[in-house]
Amino acid sequence: MSGIRALIVDDSAVMRKIVERTLRQGGVDMETVAEAGNGEEGLALLRRQTFDLILCDINMPGMDGLEMLQRMQAENLARQVPVVMITTESSESHVRSALMYGAQAYIRKPFTPEQIQERVLPLVTKA
Amino acid sequence: MRDRAFWESASGKKGKYLSMALDPAIARTMNMIVAAPLLAANPTQALDAAVHEVFERMLGIPDVESSDVSLVIPSAISPLIPSLSENVEILMGTPKGSSSVGASLAQQMGWQQPVSAILGFAGKLSGACTMSAESEAVAVMSWHLLSPPLSLRHSIMRDLKRTDSGVCEWPHRGPYLLDDALLDAFGEICNMIAGGWKNRMPGLDSGCALSVPTIVSGSDYELHPVGDRLLVERIYHFCGHRMLLAIRCAATDDIV
């Protein structure tokens, strides 16, 4: 697997690092990792750069993760890029909205390294 | 199209299904989803389960013991918890004073430099989840979330940090600084616990939003939630340290 370009969107810098580290330890070869603290920052990066994988929280100050997905659809941004939601929210309505707006996987915090690897690896391998 | 999609339970066991109207492409992705945990019978059980899940999965600390401080479920909240209906009379009551939560309780416990992470509830509930601990306990929790590589957490805990009494220790001694990373980690731990509690409460998994965490240092503050209050206070013991978790919320008009 060649190195992928990942975008991690989470208001917690700690959680961004944990997700990155978990993926690297799980065997995901990441060439670059861009970080954003909310949906607006994520969108700004998506308008400027190309990514192979997007990992996104839902509850964030400013624009949340679901709104970011909506805006991505509206602006036709990164349509072919797999999006994985990683969030404490696990209600049916959140899951449904995330899938409707294009997320391909949904991981609830707290997660195990195995859960992240099992759900993300197939997506980046496919990509 | 109406499809039956598989949701994996928190324990990883298969068998929980959810019927959703989905198009086939979306339905195929559902096996990638880690969904809601099993519902708890009462707020205390939900909080215990959320704490244990976070400590075991994210901090690599499987041994956490809890002790009750107080539990009050007012009538306005009880409709949210149908499984408790037979117990509500026993549990109903009035919190003793308005300031027993968080900071004041930390004072009663003699904590010199408590740090608290506070998350707000909005929507069906209005209120807050407060997690308080002494600064060294905060450092221990945050260190376990941050420092050791994930694959090494359990071996570190097993090999290095257990005394004869089975108590794990933080490897650092003496003065330490709770820097931004440690406080961020502390807030995230509170976030995951509050989310886990909410997701385990019948009727609260949707329509109840969480704020981002706020960190408060010291104990010279009070929270002033309004209305009837659900109060859950628990002390958790881990690695020779203690932390206090308090959930105090009021039901909003539309569910009373």
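For the structure, check the block above.
Report follows, based on the coordinates. All values reported here derive from a predicted model rather than from experimental measurement. (Residues numbered from 1 in each chain as written. Chains lettered and ligands numbered in written order. Predicted model: local features only at pLDDT ≥ 70, side-chain atom pairs only at ≥ 80, totals over all residues. Heavy atoms only, no water.)

**As for the overall build of chain B**
Now for step 1: Secondary structure summary: chain B contains seven helices and nine strands in total.
Now for step 2: The buried share among the 256 residues of chain B stands at 55%.
Now for step 3: Counted over contacts in chain B with a minimum sequence separation of 6, partners at least 24 positions apart contribute 71%.
Now for step 4: For chain B, the exposed surface amounts to about 11,100 Å²; the carbon and sulfur share of it is 51%. (Helix = DSSP H or I, 4+ residues; strand = E, 2+ residues; numbered from the N terminus. Buried < 20%, exposed > 50% of the residue type's maximum accessible area, 1.4 Å probe, protein only. Contact = heavy atoms within 4.5 Å. Areas by Shrake-Rupley, 256 points an atom, 1.4 Å probe, with all protein chains shown as cover.)

**As for the pattern of salt bridges**
Residue and element names in this part refer to chain A.
Now for step 1: Enumeration according to the criterion identifies 18 salt bridges over all chains in this entry.
Now for step 2: Close ionic contact of Arg71 with Glu67 constitutes a salt bridge, the shortest N to O distance being 3.9 Å. Within this pair, Arg71 and its partner Glu67 are both found in helix H3 (residues 65-74), separated by four residues, close to a single helical turn.
Now for step 3: Its relative accessible area of 35% is what places Glu67 among the partly exposed residues. (Salt bridge = Lys/Arg side-chain N within 4 Å of Asp/Glu carboxyl O.)

**Digging into the environment of His94 of chain A**
All names here are of chain A.
Now for step 1: Position of His94 relative to the elements: it lies in helix H4 (residues 92-100).
Now for step 2: Residue His94 is classed as buried on the basis of its relative accessible area, which comes to 17%.
Now for step 3: Considered as a pair, His94 and Gly39 are 55 residues apart in the sequence and their alpha carbons are 16 Å apart.

**Focus on the sheet that holds strand E4 (residues 83-87) of chain A**
All names here are of chain A.
Now for step 1: The five strands are arranged E2-E1-E3-E4-E5 in an open sheet whose pairing can be described as parallel. Edge positions in the sheet fall to strand E2 (30-36) and strand E5 (105-108), since each of these pairs with one other strand and no more. For this sheet, the mean inter-axis angle between neighbouring strands, taken without regard to orientation, is 20°.
Now for step 2: Note: strand E3 (residues 53-56) against E4, three bridges, orientation parallel. Each bridged residue has a counterpart across the sheet, and for Leu55 the counterpart in E4 is Val84.
Now for step 3: In the packing of helix H1 (residues 13-25) onto the sheet, the strands contacted are strand E1 (4-9), E2, E3 and E4, and the crossing angle to E2 comes to about 165°. (Pairing = 2+ DSSP bridges. Axes fitted to C-alpha atoms, helices over the stretch in contact; angles between N-to-C directions.)

**Focus: helix H2 (residues 43-59) of chain B**
Residues and elements named next belong to chain B.
Now for step 1: Relative to the 24 Å expected for 17 residues at 1.5 Å per residue, H2 spans 23 Å between its end C-alpha atoms, a close match to the ideal helical length.
Now for step 2: The buried count for H2 comes to 13 of 17 residues, which makes it a mostly enclosed element.
Now for step 3: Measuring from the side-chain oxygen of the N-cap residue of H2 to the backbone nitrogen of Thr44 gives 3.0 Å; that N-cap residue is Asn42.
Now for step 4: Gly60, located one to two residues past H2, shows a positive phi value of around 70°. (Expected span 1.5 Å × (residues − 1). Polar contact = N/O pair within 3.5 Å; in protein donor to acceptor, adjacent residues only side chain to side chain.)

**Things to note about H3 of chain A**
Residue and element names in this part refer to chain A.
Now for step 1: Within H3, burial applies to Gly65, Leu66, Met68, Leu69 and Met72. Angular distribution of buried residues about the axis of H3 spans 160°; they occupy a single face of the element.
Now for step 2: Lining the buried residues of H3 we find E1, helix H2 (39-48), E3, E4 and H4.
Now for step 3: Directly beyond the C-terminal end of H3, a positive phi value near 60° is found at Asn76. (Arc of directions from axis to C-beta.)

**Considering the side chain of Asp57 of chain A**
Residue and element names in this part refer to chain A.
Now for step 1: When you line up the elements, Asp57 lands in the loop between E3 and H3.
Now for step 2: Here Asp57 falls in the buried class, since its relative accessible area comes to 3%.
Now for step 3: With near-sequence residues (within four places) excluded, Asp57 lies in contact with Val9, Asp10, Asp11, Gly65, Met85, Ile86, Thr87 and Lys109.

**Thoughts on unusual backbone geometry**
Now for step 1: Put simply, Lys109 of chain A and Pro110 of chain A share a cis peptide bond, and its omega is 0°.
Now for step 2: A positive phi is found at Cys239 of chain B, a non-glycine position, where the angle reads about 50°.
Now for step 3: One can find Cys239 of chain B in the loop between strand E8 (230-238) and strand E9 (241-251).
Now for step 4: Note on Cys239 of chain B: relative accessible area 9%, which makes it buried.

**A few points about the packing of H3 of chain A against H4 of chain A**
All names here are of chain A.
Now for step 1: Where H3 meets H4, the closest approach of the two axes is 9 Å, and the angle between their N-to-C directions is 20°. What the angle tells us is that H3 and H4 run roughly parallel. Relative to H4, the crossing made by H3 is left-handed. The segment H3 lies against H4, with Leu66, Leu69 and Gln73 engaging His94, Ser97, Ala98 and Met100. (Parallel < 35°, antiparallel > 145°, perpendicular 65-115°, else oblique. Left-handed = near helix turned anticlockwise from the far one by under 90°.)

**Re the packing of H2 of chain B against helix H7 (residues 180-200) of chain B**
All names here are of chain B.
Now for step 1: One can describe the packing of H2 onto H7 by two numbers: an axis separation of 8 Å at closest approach and a directional angle of 135°. On the basis of their axis angle, the class for H2 and H7 is oblique. Of the two elements, H2 crosses H7, and the hand of that crossing is right-handed. Every residue of H7 that contacts H2 at Pro43, Ala46, Leu47, Ala49, Ala50, Val51, Glu53, Val54, Phe55, Met58 and Leu59 is listed here: Ile189, Met192, Ile193, Gly196, Trp197 and Arg200.
Now for step 2: In the contact of H2 with H7, the residues fall into 14 nonpolar, one polar and two charged. (Nonpolar A, V, L, I, M, F, W, Y, C, P; charged D, E, K, R; others polar.)

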